[in-house]
Amino acid sequence: MDDQGCPRCKTTKYRNPSLKLMVNVCGHTLCESCVEMLFVRGSGNCVQCNTPLRKSNFRVQLFEDPAIDKEVEIRKKVLKIYNKREFDFSSLKEYNDYLEQVEDIVFNLTNNIDVERTKQIMEQYQRDNKDIIQKNKAKLTREQEELEELLLQEQQVSEQRRLETLQEEQRQLQAKRKNKQALLDELEISKLPAAVLLAQHKDRAVQLETQIEKQKQNVKPANIFSTGIMMGQTVSFASVSRVEEVLYVYQPLCIDTYGPPVPELDQLGRLGYLNHVRTASPQDQAGGYSSGLACHRAIQDAFSGLFPS
Amino acid sequence: MKLNIEGLLVYFPYDYIYPEQYSYMLELKRTLDAKGHGVLEMPSGTGKTISLLSLIVAYQKAYPLEVTKLVYCSRTVPEIEKVVEELRKLMDYYAKQTGVKNDFLALALSSRKNLCIHPEVSSLRFGKEVDGKCHSLTASYIRAQHQSNPSQPVCQFFEEFDAVGRQVPIPPGIYNLDDLKDFGRRKGWCPYFLARYAILHANIVVYSYHYLLDPKIADLVSKELAKKSVVVFDEAHNIDNVCIDSMSVNITRRTLDRCQTNVETLQNTISRIKETDAAKLREEYRRLVEGLKEANVARETDIYLSNPVLPDEILQEAVPGSIRTAEHFVGFIKRFLEYLKARLRIHHVVQESAPQFLKDIYEKVCIDRKPLRFCAERLRSLLRTLEIADIADFSAITLISHFATLVSTYSKGFTIIIEPFEDRTPTIANPVLHFSCMDPSIAIKPVFGRFQSVIITSGTLSPLDIYPRILDFHPVTMASFTMTLARTCLCPLIVGRGNDQVAMTSKFETREDFAVIRNYGNLLLEMSAIVPDGIVAFFTSYIYMENIVASWYEQGILENIQRNKLIFIETQDAAETSMALEKYQEACENGRGAILLSVARGKVSEGIDFVHHFGRAVIMFGVPYVYTQSRILKARLEYLRDQFQIRENDFLTFDAMRHAAQCVGRAIRGKTDYGLMIFADKRYARADKRGKLPRWIQEHLTDGSLNLTIDETVQLAKHFLRQMAQPFRREDQLGLSLLTLEQLQSEDMLQKIAQIAQQA
């Protein structure tokens, strides 16, 4: 990276570490002092490609390859217009085709292929899709949203952790101090020999430790509502894009049993079938069971497949 | 010997068996019966490998439908070879006992570097070169070109294998790496691809951890392994670090520069292909529009092991439109690369989470999360389409694409740390972006999810319950086995003070203390006078070792030690270290006696065994804590605390103690071996440290061997060594720590065995 330099005054990063390179829309570099000198009037032509440039459009070069700087610049501009989201399309395939189209436009603009025509296409698009562009301006893509959410979560977790450790430390310190004080008191008043007291104290200290340990594992963060929505998250009320598809229509089930017709459930008693099965006890009926159900199923089983097909 | 393990007939290829081996097999059988995972700790040198192999092979023979395959993962090539040799012994025994010809296929798999038989390729020195060269001879389009243009070189071994090798199954038998090569030479087939193909129907596969844990390799090699396999991770005490390393990415300025050249090559190739063969790019484009459906179908039908780098959502969706065409994708990579370069140009350390990174990248260069997620897959497709022969050159861009996919896929469990310089050289700018994985369970999750039984075993896994917690799985058995001994052949001593009563410790505040260093020197000096043959001493770090040795030199301690024994030092240079090791062994061999000064977590502490006279005493100077100021470690500790409720201190102590145990365990490699284990730090005497040592060491740690002075240590050591020097025959062991079949079947022995395993 040290051999990067200004093409006009031939200063390099190696010779002047504080050299600041600038890029304009055409993708050619100039160092800051050259920019100051050449563009005193606020506009001029590029030294290398003669494109008319404005001084205010010069940016600090971020990347080693100035072409990338140019591309990113163009891309940002294009994406401002082509800002449709995945849910504006009915299928993934269309969305992918759209993405490719966008990519083509960026590619053409950066590599100076068909610039005029591409610009026309862009303008055409902008006119056609004014509403959507306006609407999508504020919206993030779904993935962007996901990322934001993750970041938020991360922040919350780290914040919580910091608080927890702080509290924990204080609690421990207090407990230990209390324990020590208790020991001193006991040594003062108790009649037991000191060795026993010390041993007791040691036991207690160990218990305390384990208690603290257990508490540590029990703490669970509570930053999610029971519905799964994050606390503090804003829920968007934007209309959901309409999905066009045929509605489902119920069609009654029709089974060919290859057998004589099975009597209906409510006819079973009249036809005398129920006389041959165990009557349901009150306990059974409490659960919604009736002897007719079992009987009906048994008859269905028995009748099906009786006729050879 | 034929054993009856709860109704299972097990052939054991030796005439005698250790009681703990029997107990180990019992536990293992229960694990397999329950079709669950297990964590088993058994001391080194008690025949873990053969117990594992003989039980699982017996299980496979008895229930061929329940367990179809054994996948045995070990760490290094010599260890893999050792396992195969044991297996060969077992299979020979089977053949002799049953009279039936062996119908098992067992093979070892290693990298191309170890298996290649192509005369030109195999002469290359580095693994990467071999892989790249091999790929340039065997890639499908190279071979297609060869059809039309015979002067295009291809690998004749691969051609031969591809033509006939797949139809003819490799005959059953036991193949180690050399056997595979021989077989390959005889048939004219490529052993590497033969082995990779053969593991699909082999009964036993022995290979390295990485083939299963590293997502990049596992996807190539292991993804089609059957669900009903038993996976064994041997020497698994470091498995969490292996998992973490396999998912972490480090990006330096050099990586980015190489990536830049990669991108340029890609761009040139694309423009060239566009002129000559535009149909190819169109074909790829069409495929991408349709999405990665094939891979999805395969995963749903459960044929493949899932890959953490290839998240599920990707498979169900098509590649986003913004990176569908080749030019757009290259532009995308370029922007990403420039962004990374800009990020590396910093003057202070930055630590951020994945969401923060994603937000920033969207603001700076308008890269969305979704295309990032597809980056690795898209690049792979592009490289395939462009028919780039030498993949090795593209390692940088592949790394970047993996990073892109990982960072956009996992919002938790990873952290990004950008450091402008190394801690040791704060004046030299050497920016590194660490994308470090903090959750080992991410890499190992597919393994636990897919395979019926996964066994994690090692000599040092204490405390057992921490492994299931950090790897996030539920074992059905967790057990630690002790070593039954006819004589107490290990003597752990904790030395806490010098003769001047100054506490000995490597604690940060006192490590520069003159008295501590002198006491450490005196300890080594006294030990060098009474211990025969070899002594291995471990320090906590290279820097600490250098400091101490320098001041020993000034104090004249080194000179005194050298009257007794020669001194060798492990350095960071691998060649130098292996030279030192060789000479150390020579000095032990010819009776001069030697001391090896080495470092915990170094090469010596992990892989080298010091049997018998090569290691009569191990001295551990200090507690080998990791470097706690490292930001990566801090982030990981924080994550452990939040996610798994493991406190920082618990984890650090656990990590230090497992390395200490690993170090001192180097000296005892069997029951006839003996050795002193000296822990030279007063902190070892504390219950929280002592309790984390493996049970087989803890057992021999009595109150009398805690917090000793150097004088007392010398007394105890002298006594111990004199006792151990008495002749010791096999008959002394029989019935106690070595059993014949009859002894094994006796009632009270079975009772005793039941006590060996301690369930955690």
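Thresholds applied
- Along each chain, residues carry numbers from 1 onward, in the same order as the chain's sequence is written.
- Chain A is the first chain written and ligand 1 is the first ligand written, with later ones labelled in order.
- Only residues with pLDDT of at least 70 get local features here, since the model is predicted, and only at 80 or more are side-chain atom pairs given and counted; chain-wide, interface and lining totals rely on the full set of residues.
- Each side-chain value is worked out from all heavy atoms of the structure, with water and hydrogens disregarded.
- UniProt positions are given in the numbering used here, feature names are shortened, and annotations may be inferred rather than shown by experiment.
- Only DSSP runs of H or I reaching four residues or more are called helices, and only runs of E reaching two or more are called strands; each is numbered from the N terminus.
- Burial here depends on accessible area, computed with a 1.4 Å probe over protein chains only, as a share of the maximum for the residue type. Under 20% is buried, over 50% is exposed, and the range in between is partly exposed.
- Throughout, a residue-residue contact means that at least one pair of heavy atoms, one from each residue, lies within 4.5 Å.
- For the area figures, the Shrake-Rupley method with a 1.4 Å probe applies, and any residue is considered shielded solely by the protein chains shown.
- We treat Lys and Arg as the positive residues and Asp and Glu as the negative residues; His and chain ends play no part in the count.
- Throughout, a charge is located at the NZ atom of Lys, the CZ atom of Arg, the CG atom of Asp or the CD atom of Glu.
- Working definition of a nonpolar core: buried Ala, Val, Leu, Ile, Met, Phe, Trp, Tyr and Cys residues. They are joined through side-chain atoms within 4.5 Å.
- Salt bridges are defined by distance alone: a side-chain nitrogen of Lys or Arg within 4 Å of a carboxyl oxygen of Asp or Glu.
- Under this definition, polar contacts are N or O atom pairs within 3.5 Å; protein pairs additionally need one hydrogen-donor-capable and one acceptor-capable atom, and for neighbouring residues in sequence, both atoms have to be side-chain atoms.
- The nonpolar class holds Ala, Val, Leu, Ile, Met, Phe, Trp, Tyr, Cys and Pro. Asp, Glu, Lys and Arg form the charged class, and all remaining residues, Gly among them, are polar.
- Two rings belonging to Phe, Tyr or Trp (six-membered ring only in the last case) form a pair when the distance between their centres is within 6.5 Å. Interplanar angles under 30 degrees mark stacking, angles over 60 mark edge-to-face geometry, and anything in between is tilted.
- To sit over a ring, a charge needs its Lys NZ or Arg CZ within 6 Å of the ring centre and within 35 degrees of the ring normal.
- Expected span, for any helix, means 1.5 Å times one less than how many residues it has.

Labelled according to an unreviewed UniProt entry, chain B appears under the name General transcription and DNA repair factor IIH helicase subunit XPD, originating from Carassius auratus. Entered under Catalytic activity (unreviewed entry) in the UniProt record, the comment concerning chain B runs "ATP + H2O = ADP + phosphate + H(+)".

An unreviewed UniProt entry annotates chain A as CDK-activating kinase assembly factor MAT1 of Carassius auratus. UniProt, in its Function (unreviewed entry) section for chain A, records the words "Stabilizes the cyclin H-CDK7 complex to form a functional CDK-activating kinase (CAK) enzymatic complex." Its UniProt record gives chain A a comment under Subcellular location (unreviewed entry), which states: "Nucleus".

Observations concerning the overall build of chain A
In terms of regular secondary structure, chain A is built from nine helices and five strands. Start at the N end of chain A and walk to the C end: the helices and strands fall as β-β-α-β-β-β-α-α-α-α-α-α-α-α. For chain A, buried positions account for 25% of its 309 residues. In chain A, 51% of the contacts between residues at least 6 apart in sequence involve partners at least 24 apart. Surface accessibility of chain A: about 22800 Å² in total, with carbon and sulfur atoms responsible for 54%.

Considering the overall build of chain B
Broken down by element type, chain B carries 36 helices and 21 strands. Dimensions of chain B along its principal axes, counting C-alpha atoms only, are 85 × 70 × 50 Å. For chain B, buried positions account for 59% of its 760 residues. Within chain B, contacts between residues separated by at least 24 positions form 80% of all contacts whose residues are at least 6 apart in sequence. Of the accessible surface of chain B, which amounts to about 30400 Å², a share of 51% is contributed by carbon and sulfur atoms. Treating the 92 positive side-chain charges of chain B as one cloud and the 92 negative ones as another, the clouds have centres 2 Å apart.

Section: the nonpolar core
Residues and elements named next belong to chain B. In this structure, Tyr207, Leu212, Phe233, Leu266, Phe336, Leu340 and Phe403 are the most contacted members of the largest nonpolar core, which totals 183 residues. Sorting elements by how many residues they give to this core places helix 17 (residues 326-344) first, with 10 residues. Counting residues in each nonpolar core, the second largest holds 81 residues, with Phe568, Ala587, Leu708 and Ala717 among its members.

Structural notes on the UniProt feature "domain: Helicase ATP-binding" (unreviewed entry) in chain B
Residues given the UniProt feature "domain: Helicase ATP-binding" (unreviewed entry) here are residues 7-285 of chain B. Spanning residues 7-285 of chain B, this segment combines 57% helix with 13% strand, and its end C-alpha atoms are found 60 Å apart.

Some details on the UniProt feature "domain: RING-type" (unreviewed entry) in chain A
Sites flagged by UniProt as "domain: RING-type" (unreviewed entry) map to residues 6-50 of chain A. For the annotated span residues 6-50 of chain A, helix accounts for 16% and strand for 20% of the residues, and the straight-line distance between the end C-alpha atoms is 17 Å.

Overview of the pattern of salt bridges
All names here are of chain B. Counted by the stated rule, this structure contains 58 salt bridges over all chains. With a shortest N-O distance of 3.4 Å, Glu85 and Arg88 are connected by a salt bridge. Of this pair, Glu85 and Arg88 are both found in helix 3 (residues 77-98), three residues apart, which corresponds to roughly one turn of the helix. Exposure remark for Glu85: the relative accessible area of 36% places this residue in the partly exposed category.

Observations concerning the interface of chain A and chain B
Between chain A and chain B, the contact holds 33 residues from the first and 40 residues from the second. Viewed at the interface, chain B and chain A are joined by 11 salt bridges. Note that B:Arg253 is salt-bridged to A:Glu64, the shortest N-O span being 3.0 Å. Connecting chain A to chain B are 14 residue pairs in polar contact (both at pLDDT 80 or more). Elements represented by at least two residues in the side of chain A that touches chain B include exactly helix 2 (66-81), helix 3 (92-110), helix 6 (142-189) and helix 7 (194-218) of chain A. The dominant element in the side of chain A that touches chain B, judged by the number of residues it contributes, is helix 6 of chain A, at 10 residues. Partitioning the side of chain A that touches chain B into residue classes produces 12 nonpolar, four polar and 17 charged.

Remarks on the packing of aromatic side chains
All names here are of chain B. Per the stated rule, a full pass over the model turns up 39 aromatic pairs over all chains. Centroid distance Trp552 to Phe621: 6.0 Å. Interplanar angle 70°. Geometry classified as edge-to-face. Residue Trp552 is found in helix 25 (residues 542-555), and its partner Phe621 is found in strand 19 (residues 617-621); the two are separated by 69 residues along the sequence. Accessibility assignment for this pair places Trp552 and Phe621 in one class, buried. The residue whose ring lies beneath Lys61 is Tyr94, and the NZ or CZ to ring-centre distance is 4.7 Å. Its end group placed over the ring of Tyr674, Arg616 keeps NZ or CZ at 3.8 Å from the ring centre.

What about helix 30 (residues 648-664) of chain B?
For helix 30 of chain B, which comprises 17 residues, the first-to-last C-alpha distance of 24 Å matches the rise-based estimate of 24 Å (1.5 Å per residue) to within 8%. Of all 17 residues making up helix 30 of chain B, 14 are buried, and the element is well covered by its neighbours.

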